[in-house]
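# Working through the structure, step by step
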Amino acid sequence: IGDLNWLDNRYEISNLKIYNQDFVSDMQATYITSNNSPGDIDLEINIPNADISRLSNYYPKSIGEQGLKWLDTSLLKGLASNTKIIIRGNMQDFPFVDEQNNPDSFEGFFEVTSSITGSTIEYGEGWPNVENFDINVMVTGTKIELTSKHGHILDNEIISFSGVINDFTQEDAYLDINLKTSSFLDKMLNAVNNSPVRKVMKGTSENMKGSGPGQLDLMLNIPLKNSAAISYTGSYLFNGSSMENQD
């Protein structure tokens, strides 16, 4: 349902509503065709609600093979609300960045914003899932930014989460994560023992017992083409908690 008007090589779409089994969207667009390029577009799409597990067919191919694979296998469930997609410029120059990979307003404009609630994310092979995760997503040019203050990893409650993919079009694209959780020591040890950290510690964490509150700070670097090759550093702040090795 919508209106289409055209004159010569200029097409205007207004108040277009798209209904399918995956989502409902509203679209406004102006498209000017060209014999020498893919043409100029001014597009805005609004999607009030969408199940993220059903969106894999709609990701732009410009994200790259590895990025598409990570999105397809990592975003297990959740509701995306108030999603807005804006594309302005000649599609030959998409995603409109300069040589330093910064957004270039002279080339065009590309932005995606969305709020995701109740999601489950498998961010790396062998790592526990992030669950009941509420996250804000912003894509500008080739950069993806993720921020959150709600969710848990095996009952370790998230205080703050930030994730950045600086250039999703690169073959060696990676996701950098900075994560802080409010973690009672027994919950933190459970997360450690259900992650690749257990192997690094050669099983010593299996014999550790603890109680009391604390804070876990974790930094992860996740190559999108091989999420099993995560590198990480972390620290734990004891806040009146105690730990013993029962070996």
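Our structure is the block above this text.
Definitions and cut-offs
- Residues numbered from 1 in each chain as written.
- Predicted model: local features only at pLDDT ≥ 70, side-chain atom pairs only at ≥ 80, totals over all residues.
- Heavy atoms only, no water.
- Phe/Tyr/Trp six-rings, centres within 6.5 Å; stacked < 30°, edge-to-face > 60°.
- Buried < 20%, exposed > 50% of the residue type's maximum accessible area, 1.4 Å probe, protein only.
- 1 Å grid on protein atoms, 1.4 Å probe; cavity = no way out; pocket = protein on both sides within 12 Å on 5 of 7 lines; lining within 4 Å.
- Points joined across faces, edges and corners; volume = space filled by probe spheres on them.
- Nonpolar A, V, L, I, M, F, W, Y, C, P; charged D, E, K, R; others polar.
- Patch = residues over 30% accessible without salt bridge, like charges linked within 9 Å, V, L, I, M, F, W, Y side chains within 5 Å.
- Areas by Shrake-Rupley, 256 points an atom, 1.4 Å probe, with all protein chains shown as cover.
- Salt bridge = Lys/Arg side-chain N within 4 Å of Asp/Glu carboxyl O.
- Helix = DSSP H or I, 4+ residues; strand = E, 2+ residues; numbered from the N terminus.
- Pairing = 2+ DSSP bridges.
- Polar contact = N/O pair within 3.5 Å; in protein donor to acceptor, adjacent residues only side chain to side chain.
- Contact = heavy atoms within 4.5 Å.
- Axes fitted to C-alpha atoms, helices over the stretch in contact; angles between N-to-C directions.

With that out of the way, let us pick up the packing of aromatic side chains. As enumerated under the stated definition, the model contains five aromatic pairs in all. Ring centres 5.0 Å apart and planes at 90° place the aromatic pair Tyr 236 and Phe 238 in the edge-to-face group. The exposure class assigned to Tyr 236 is buried, which follows from its relative accessible area of 16%. Through successive ring pairs, a cluster of aromatic residues spans Phe 94, Phe 96 and Phe 110.

A complete count under the given rule lists two cavities of 30 Å³ or more for this structure. Size it by volume and the second largest cavity reaches roughly 30 Å³. Here the residues of the lining of the second largest cavity sort into seven nonpolar, no polar and no charged.

Turning to a nonpolar patch on the surface, a few remarks are in order. Taken together, the side chains of Ile 1, Tyr 19 and Val 24 define a hydrophobic patch exposed on the protein surface, amounting to about 340 Å² of accessible area. Along the polypeptide, Val 24 turns up in strand β3 (residues 24-32).

Tallied over the full model, the rule gives seven salt bridges. The salt bridge involving Lys 180 is made with Asp 217; its shortest N-O contact spans 3.1 Å. Note that Lys 180 is positioned in strand β10 (residues 174-182) and Asp 217 in strand β12 (residues 214-223), a separation of 37 residues in sequence. Overall, the relative accessible area of 34% leaves Lys 180 in the partly exposed class.

It is worth spelling out the pairing of β10 at this point. Alternating positions in β10 separate cleanly, Leu 175, Ile 177, Leu 179 and Thr 181 being buried on one face and Tyr 174, Asp 176, Asn 178, Lys 180 and Ser 182 remaining unburied on the opposite face. For strand β9 (residues 156-165) and β10, the ladder comprises seven bridges, and the chain directions are antiparallel. Across the sheet, residue Val 164 finds its bridge partner in β10, namely Asp 176. Across nine bridges, the pairing between β10 and β12 is antiparallel. Residue pairing across strands places Tyr 174 opposite Pro 223, the latter belonging to β12.

Before going further, it helps to spend a moment on the side chain of Thr 181. Locating Thr 181 in the fold gives a position in strand β10. Within the local environment of Thr 181, its side chain forms a polar contact with the side chain of Ser 183, the two groups lying 2.5 Å apart. Ignoring any residue separated from it by four or fewer positions in sequence, one finds Thr 181 in contact with Asn 156, Glu 157, Ile 158, Ile 159, Gly 214, Gln 215 and Leu 216.

This part takes up the sheet that holds β12. Strands sit in the order β1-β2-β3-β4-β5-β6-β7-β8-β9-β10-β12-β13 across an open sheet of 12 strands; the sheet is antiparallel. If you trace the sheet from one side to the other, it starts and ends with β1 (3-7) and β13 (231-238), each paired once. Ignoring which end each strand starts from, the neighbouring axes of this sheet average 10° apart. In terms of strand pairing, strand β5 (residues 75-90) meets strand β6 (residues 108-121) through 11 bridges, oriented antiparallel. Looking at the pairing, Ile 87 lines up with Phe 110 of β6.

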